[in-house]
Structure formats: C-alpha cells, structure tokens
Amino acid sequence: MSSKQSYRGPGSGGLAIETAGLVKTFGDNRAVDGVDLAVPAGTVYGLLGPNGAGKTTTVKMLATLLRPDGGEAHVFGHDVVRAADTVRGLVSLTGQYASVDEDLTGTENLVLLARLTGHGKKAAYSRAEQLLDAFGLGDAASRQVKNYSGGMRRRIDIAASILNTPDLLFLDEPTTGLDPRSRNQVWDIVRAVVGHGTTVLLTTQYLDEADQLAARIAVIDKGKVIAEGTKGELKASVGAGSVHVRLRHAEQRPQAEEVLRIALDAEVKIEPDPVALTARVGGGAANGQGAAEQASRALAELARTGITVDNFSLGQPSLDEVFLALTGHPSDPEPPSGPGAPQDLKEAEVSR
Amino acid sequence: MSTATTTEAQDLAPVRTESLAELLIAKERPRRPSALSTSLTFGWRAILKIKHVPEQLFDVTAFPIMMVLMYTYLFGGALAGSPREYIQYLLPGILVMSVVMITMYTGVSVNTDIEKGVFDRFRSLPIWRPSTLVGYLLGDALRYAMASAVMLTVGIIMGFRPDSALGVLGGVLLLLVFSFAFSWVWTMFGLLLRTEKSVMGVSMMVLFPLTFLSDIFVKPETMPGWLQAFVNNNPVTHVASAVRGLMAGDWPGADIAWSLGWAGLLVAVFGPVTMRLYNRK
C-alpha cells in the first residue's frame, strides 16, 4: 500500500465539486439519496462503492447528463442545472463503457471531438496524432475502435477526455474489466493528468484503486455517503486488513476463535470451511500497531495454546470488509428492483 | 473481432507520459464552435459511418430500384396502356414515395445509436444541443440524394424523359428539404420508443397510408369523394405533384409552397419535441 501521493495542485484552495443533499430517484428507487460532497481542486477524489450504490448516477448529475431531483451541485462554483453549459466547458466524462464511437477509427474519434470543441481542421488532426502517439496507439490509429482490446479502448476513451485538458475529469470505473497490466497503465495516465492540475473524480469498486490514486475517499452505499475522509482516516476506521487462518483440526476451532478474539480485540468470523477463521487486524483497537505485527502476535498466541495452524494469510481489507466495518452489512450488490427502477443506469440501458 | 486484435494487449506500446505531459501543459481552449460548424461535424460523422459500413446503403440503392421496376411493370399496362407511358407519370411520385419511406431508417438508427456510450460524451460537450441530430439528418440527406440519383438513372434507362434538367434538380432539392423535415418525426419516435422493432412498426403504420393514399399511382379524380379529401390534403401528394410538375418543366407554385409549408410545420412541431426527449434521455 502506498501512501505517498497527495496530488495538491496549484488551485488546491478552492473546491472543484460541492454538493448538498443531492437526490435522484428512478420510480420508487432513490438511487442517490442526499449526497454531500466537497472535492478539493487539483486532487483525485475517490467515490468507492458496490454496483448500484449510486456512483454512476452521481457522476451523471455532476456531468449535466441527469437533472437532480433534489439538492444542489456546483462545479467550480457553477450550478450544474442553471449553468449547465458553463459546467460542460470545464468537465470531461469517461463513462463506464467506452464513450467513443466504435464504428470510427481512433483518429476519426479524436478529430471529431477536437472539431466539436472548436479546433480547426489542421489543428484537430495534429492534436489527434499527438494524443494517439502519447497513448501508444499510433499503430492502431486507422483501425476502427470496435477492433480495439479492452486496454486500448480505455486509452482512447481517456485520450478523448483530455483532448482539451479539462479542469475536472470524471472517470467512471476506469479499470473495471481490465487485466492488471492495463490497469497499472491507466493509473499512470491518471497520475500524469492530475499532476498537471486537473481534478479527477474517480468511481471504483476496488479499495486498492482508490488507495493507489485518491487523496480523499467517500464510501457510498445505497445512495448515501457512509464514510468520508483521507485514506488514512478511512483505513483507521476499517482496519488495515484481515488475517485468514486455517487450522489442522476442526475441533480446535472454537478455542482458536476465543484466542484470536482476545489477542486481536476484534470480531472473528467463522468461515463455511470448518477449519477456517477470519479476523480483522490493524483496526481502531490496534493502538498504532502494524497489522503484520498484530497478526504475528496472535499466531504466536495460537501456537502457545497448542492449536496447530496449517497455514495463514494476511490480506488487505476487501470492499466487502470495508462495508462490513462501516455498515455492519456486506456489500451485496442488489439486483435492480424492477424495470422502472434501474439501480445503475447502465444495466437498464443494456437490457433495452 | 479477429484473434490478432485480442492478443494486442500484450504488446501494446507503453504510454509515453512525457509526451502526455506536454499535451496537458498546452492548455488549449479554442473558441466555442458555431452551431453550423458542429452540425456539419456531426454530418461528417454520419458520412464516416457510411464509409465504414457501406452495406447500410442497401436501402438507398436496391430498394428504390425494386420500387421503380415493380410498380412500373405491375401497373403500367393497366393504368396507362404501357409501362413506358406510365413511367412518365409514375417516376417523380415513386421517387418521392421511396425517399419518404427511407426516412424511417433515421428513426431506427437514432434508436440504436442513442444507447451507445458516445452519446453521453456528446451531451456533455458545450455545443449547440440539436447539432448531434441535425448532423445525423444531414448525413441522411446525402443518402436520400443517392437514392434519388439511382432512381432517376434507372428511370431514364426505362424510358422516363423529363422536360427540364433544371426542373429535375429543383424537384430533387425540394424532396430533400421535405425529407429532412419529415425525418424529425422519426428522430422523435427513435427517442420515444424503446426498441428498434417498435420504431419500424410505427413507421409502417404512418408511411403506408401516407404514401399510398396520395396521387403517386393514380390521379385522385377516380377516387371516392371522402378519399379525395384526404389525398388532396396529404403532404406527400403536394410534394409528388410539385416534383412531377418541376420535372415536366412547369412551375407548380402552389404545390411547392404547400410542400415547404409542411416541411416548416414538421420541423417546428417535431424538432422541439425531439430535443425535449433528447435532453431528458
């Protein structure tokens, strides 16, 4: 886990996004249910939550694609409803699915957007070429985007978004469905973009992605922000991770559970596997102790009481554990509650 | 998708962050483009789509040829003594009928296109809102022009002899203007209805009576009075009469005025409704 990045741009004094009581309903479903956000300019702000939590709907309202049903939202001080056109001049959106025209080639897509944002023909072509080169897509420039791989699509999508160096960039789950290598490359791009003063609102389902990129994180669930803070603050409330233990003898499990509970001062979860146990480490009760240190102490304690451990592992907290810690319920993605009430707009659109 | 492209991810060139940095520093914000400029750019997008998927020209080539051949030989002998005689009357009308029928594909393609992610990007751009759809229709106007050229060529081969070349151009131009306006009906349905199939269904319901109950095949004098009332006030009748007149070297002022009037009315009614739906989508 790295904690070195904190992208403080020159304009870090102001707020890029400010929302108060933002609400969006689809039928009976309150997809966004009173969201308050304050995103400092020049930073990456992570919006973390499971499918259907309301992340995409929030982004769509901020990008002027959906009209809020309640509350207010300002982007660099401009109201997203009343000054929608001004806001559109400042933001750029990379949707969950490719926001480029799949029938057109890479060059054509970028030239199209360059022309639409006011570049002359010549400037549009040279800008497109430079961008394609910088994104390592020079060889694929004249191929239709529908023949691109997942990683290439993401790149052309982000290239289209930064064509005019927006002040605020929305990245809606930019790495969902990418292999680890492409994922790292997308992260590098995001770092480069933010390094030049652009504010990024990143939505993600992955805790480690938010951890890698974001300076501040809001955890969102069922349309509400359930936790907000810097990465450090959030981790302190969640715990640094969990230790998974497999015992040799199933009959020793109740005893092991007791030992772990005392040693870690945390709730111990009984796994479906009769010899397995999971416990959180490095949480609020850790008193500054490292997760690893805490876990090894607990394992030593198990050995001392004569319980044989077959193997163990120390993992980062998953999104599920974050949710368990914050809400007391796991992050089970709810199915859309009816045809008129899409949890996540994308699902509704695809099924049409 | 070929296998060659799926293995691409492995040897994809790395992102050049230093050149990326240069691009980001050059914080170019050109002046906001005009409504005309963005509409034409979207028109260019439509043309690129034709270039990449030329199969979609089937409906503006094969379909119109079929229409001319079918109706000329089917009705020619019975209605005008011979197909050669009949085509003098029929061709301008069947031209109008085919092009007006082709306009429904606008609705179908808007319906499938609008669901794609790229529309989110278009709608988050600070541009004149209707230009996305206007560009669409400009591209379609090009398709209508192609259909017209194909039909006139086939007609001339079959014996159609217009009296005025200028009149032919004028007639086609009038038809393009009317079709552009009429297409707004389909952009509305394309946004309103959920599936491609329902768009097709509604189109057929509207287009069949509108094109058949006109003066395209026969003169209205032979019809019962109540039907004449409909036929004589059908916009398609006005357009067909105007085009027929122009191609015959006349100046059918009243029909031209009616056609343009209908075109204006269609845009004035269905344009704003379309935009309302587009903004709410």
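Residues numbered from 1 in each chain as written. Chains lettered and ligands numbered in written order. Predicted model: local features only at pLDDT ≥ 70, side-chain atom pairs only at ≥ 80, totals over all residues. Heavy atoms only, no water.

As named in an unreviewed UniProt entry, chain B is Transport permease protein, taken from Streptomyces alboflavus. Within the UniProt record for chain B, the comment given under Subcellular location (unreviewed entry) is "Cell membrane". (UniProt positions renumbered as here; feature names shortened; annotations may be inferred.)

Hey, could you go over the overall build of chain A for me, with residue numbers and the actual values?
Along its length, chain A carries 12 helices and 14 strands. For chain A, the residues scored as buried account for 56% of the 352 residues in total. Long-range pairs, those at least 24 residues apart, make up 69% of the contacts in chain A with a sequence separation of at least 6. With the model as given, the accessible surface of chain A reaches about 13,900 Å², and the carbon-plus-sulfur share is 49%. (Helix = DSSP H or I, 4+ residues; strand = E, 2+ residues; numbered from the N terminus. Buried < 20%, exposed > 50% of the residue type's maximum accessible area, 1.4 Å probe, protein only. Contact = heavy atoms within 4.5 Å. Areas by Shrake-Rupley, 256 points an atom, 1.4 Å probe, with all protein chains shown as cover.)

Lay out helix H13 (residues 253-280) of chain B with the relevant residues and their values.
Residue and element names in this part refer to chain B. For H13, spanning 28 residues, the distance from its first C-alpha to its last is 40 Å, which sits close to the expected 40 Å at 1.5 Å a residue. For H13, the set of buried residues is Ile256, Ser259, Ala263, Leu266, Gly271, Thr274, Met275, Leu277 and Tyr278. Check the buried side of H13 and you find it contacts helix H7 (118-123), helix H8 (131-158), helix H9 (165-192) and helix H12 (235-247). (Expected span 1.5 Å × (residues − 1).)

Got a sec to walk through the pattern of salt bridges? Specific residues and values, please.
Residue and element names in this part refer to chain A. All chains considered together, the criterion is met by 31 salt bridges over all chains. Here aspartate 273 and arginine 246 are joined by a salt bridge, their closest N and O atoms 2.3 Å apart. Placement of aspartate 273 in the loop between strand S12 (268-270) and strand S13 (276-281) and of arginine 246 in strand S11 (residues 241-247) is noted, with a sequence separation of 27 residues between them. In this structure, the salt-bridge partner of glutamate 257 is arginine 261, at a minimum N-O distance of 3.1 Å. Here the residue glutamate 257 and the residue arginine 261 both occupy positions in helix H9 (residues 253-264), the gap between them amounting to four residues, near one helical turn. (Salt bridge = Lys/Arg side-chain N within 4 Å of Asp/Glu carboxyl O.)

How would you explain the sheet that holds strand S2 (residues 29-40) of chain A if you had to name every residue and give the values?
Residues and elements named next belong to chain A. Pairing is antiparallel across the open sheet formed by four strands, whose spatial order is S2-S1-S4-S5. Of all strands in the sheet, those bounded by a partner on one side alone are S2 and strand S5 (78-79). Two elements, strand S1 (residues 15-26) and strand S4 (residues 70-75), share five bridges in a ladder whose sense is antiparallel. Across the sheet, alanine 20 pairs through a bridge with glutamate 72, a residue of S4. Relative to the sheet, helix H1 (residues 55-62) contacts S1, S2 and S4, its axis offset from that of S1 by approximately 120 degrees. (Pairing = 2+ DSSP bridges. Axes fitted to C-alpha atoms, helices over the stretch in contact; angles between N-to-C directions.)

Outline H9(B), supporting the account with residue identities and numerical values.
All names here are of chain B. Under the 1.5 Å per step criterion, the end-to-end length of H9 is 41 Å for 28 residues, consistent within 8% with the ideal 40 Å. With 20 of 28 residues buried, H9 is to be regarded as a mostly interior element. Capping of H9 at its N-terminal end is provided by serine 164; its side-chain oxygen lies 3.4 Å from the backbone amide nitrogen of leucine 166. (Polar contact = N/O pair within 3.5 Å; in protein donor to acceptor, adjacent residues only side chain to side chain.)

Can you explain the packing of helix H4 (residues 58-80) of chain B against helix H5 (residues 83-102) of chain B? Please cite residues and give values.
Residue and element names in this part refer to chain B. Relative to each other, H4 and H5 sit at 145 degrees, their axes nearing to 8 Å. Here the hand of the crossing between H4 and H5 comes out right-handed. Among the residues forming the contact of H4 with H5, the class breakdown is 19 nonpolar, four polar and two charged. (Left-handed = near helix turned anticlockwise from the far one by under 90°. Nonpolar A, V, L, I, M, F, W, Y, C, P; charged D, E, K, R; others polar.)

Describe the nonpolar core, with residues and values.
In terms of nonpolar packing, the biggest core is built from 124 residues, with Leu110(A), Phe135(A), Ile162(A), Leu20(B), Ile94(B), Phe122(B) and Phe182(B) touching the most fellow members. Contacts of Leu110(A), omitting those with residues within four sequence positions, involve Ala128(A), Leu131(A), Leu132(A), Ile156(A), Ala159(A), Ala160(A) and Leu163(A). Core analysis: the second largest hydrophobic core is formed by 31 residues, Phe26(A), Val91(A), Phe170(A) and Ala218(A) among them. (Core = buried A, V, L, I, M, F, W, Y, C linked by side-chain atoms within 4.5 Å.)

Provide a residue-level description of the sheet that holds strand S14 (residues 309-315) of chain A, including the pertinent values.
Residues and elements named next belong to chain A. Read across the sheet, four strands follow the order S12-S13-S11-S14 without closing on themselves; strand pairing throughout is antiparallel. Either end of the sheet is taken by a strand with one partner, and the two such strands are S12 and S14. Within the sheet, the average angular offset between the axes of one strand and its neighbour, ignoring direction, is 20 degrees. With six bridges connecting them, S11 and S13 associate as antiparallel partners.

Please give an account of the interface of chain B and chain A that cites residues and values.
Every contact between the two is made by 49 residues of chain B and, on the other side, 61 residues of chain A. Counting the surface lost from both chain B and chain A, the interface buries some 5,100 Å², and carbon and sulfur atoms represent 58% of this. The interface formed by chain B and chain A holds seven salt bridges in total. The shortest N-O distance in the salt bridge between Asp120(B) and Lys60(A) comes to 3.4 Å. (Buried area = accessible area lost by both parts, 1.4 Å probe.)

Before we move on, can you summarise unusual backbone geometry with the specific residues and values?
Residues and elements named next belong to chain A. Not every positive phi belongs to a glycine, and phenylalanine 76 is a case in point at roughly 50 degrees. Among the structural elements, phenylalanine 76 can be located in the loop between S4 and S5. A positive phi angle, near 45 degrees, is found at threonine 165, a position not held by glycine. Along the chain, threonine 165 turns up in the loop between helix H5 (150-161) and strand S7 (168-172). Owing to a relative accessible area of 0%, threonine 165 belongs among the buried residues under this scheme.

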